[in-house]
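Residues per chain, in single letters:
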Amino acid sequence: MTVHRSDTPEDILSEAELLDEPGGKTLRLRFEGPFEGRQVTWLATLHALLEPQPTDLARQPVANYIEIGAAGPDAVPITVGLPVERIDPPTVRKAMIMIRRYKRLRRGRHEYGSS
């Protein structure tokens, strides 16, 4: 297990345990955040939904999603499909902020928007 620590104290990534290296199509991480009125440990899997395309080709719309599973003994699993080609550190930061700030998160799969 790799624990990412940033040189910048306010970097949100310093609050996460990255379980995979950034830059691929999928990244797993563990971090704390609110859910259903309490603090939980999220076991998150982020998926990049876009394939690299030449700039002259139009992208197909893709449904982004959040899927929250049943809580396990140590964490609540959450899977997030994002409209990006790879999961890099800025994408991880944005996903963590989104999960922590989204007030109406609920269990199950919820699709939203399209690119």
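Just so it is clear, the structure is predicted and the values come from calculations on it, not from any experiment. Counting starts from 1 at the beginning of each chain's written sequence and moves along it residue by residue. For a predicted model such as this one, the threshold for reporting local features is a pLDDT of at least 70, and the threshold for listing and counting side-chain atom pairs is 80 or more; totals across whole chains, interfaces and linings nevertheless cover every residue. To get the side-chain values, all heavy atoms of the structure are used, and hydrogens and water are removed first.

## Looking at the packing of aromatic side chains
And step 1. Each pair of aromatic rings taken from Phe, Tyr and Trp, with Trp reduced to its six-membered ring, is defined by centres within 6.5 Å and is described as stacked if the planes are under 30 degrees apart, edge-to-face if over 60, and tilted in the remaining cases. As enumerated under the stated definition, the model contains one aromatic pair in all.
And step 2. Placement of a charge over a ring requires the Lys NZ or Arg CZ to be within 6 Å of the ring centre, with the centre-to-atom vector within 35 degrees of the ring normal. Lying over the aromatic face of Y65, R109 brings its terminal NZ or CZ to 3.8 Å of the ring centre.

## Observations concerning the pattern of salt bridges
And step 1. Basic side-chain nitrogens of Lys or Arg form a salt bridge, by our definition, when they fall within 4 Å of a carboxyl oxygen of Asp or Glu. A full pass over the atoms with the stated rule returns eight salt bridges.
And step 2. Residue E15 pairs with R100 through a salt bridge whose shortest N-O separation is 2.6 Å. Remark: R100 occurs in helix 1 (residues 89–101) and E15 occurs in the segment before strand 1 (17–18); sequence separation between them is 85 residues.
And step 3. Only protein chains enter the accessibility calculation, which uses a 1.4 Å probe; a residue whose area is less than 20% of its type maximum is buried, one above 50% is exposed, and one in between is partly exposed. R100 sits in the partly exposed class, given a relative accessible area of 22%. Runs of H or I in DSSP of at least four residues are treated as helices and runs of E of at least two as strands, each being numbered from the N terminus.

## A closer look at the confidence of the model for the protein
And step 1. Residue-level confidence of the predictor is summarised by pLDDT, bounded by 0 at the bottom and 100 at the top. The pLDDT averaged across the protein works out to 87; a share of 82% of its residues lies at or above 70.
And step 2. Between the elements of the protein, mean pLDDT differs from a low of 91, seen in strand 6 (residues 108–112), to a high of 98, seen in strand 5 (residues 76–82).
And step 3. In this analysis, two residues are considered to be in contact whenever any of their non-hydrogen atoms come within 4.5 Å of each other. Counting interchain partners and residues more than four positions distant, the pLDDT-below-50 stretch residues 1–9 has 16 contacts.

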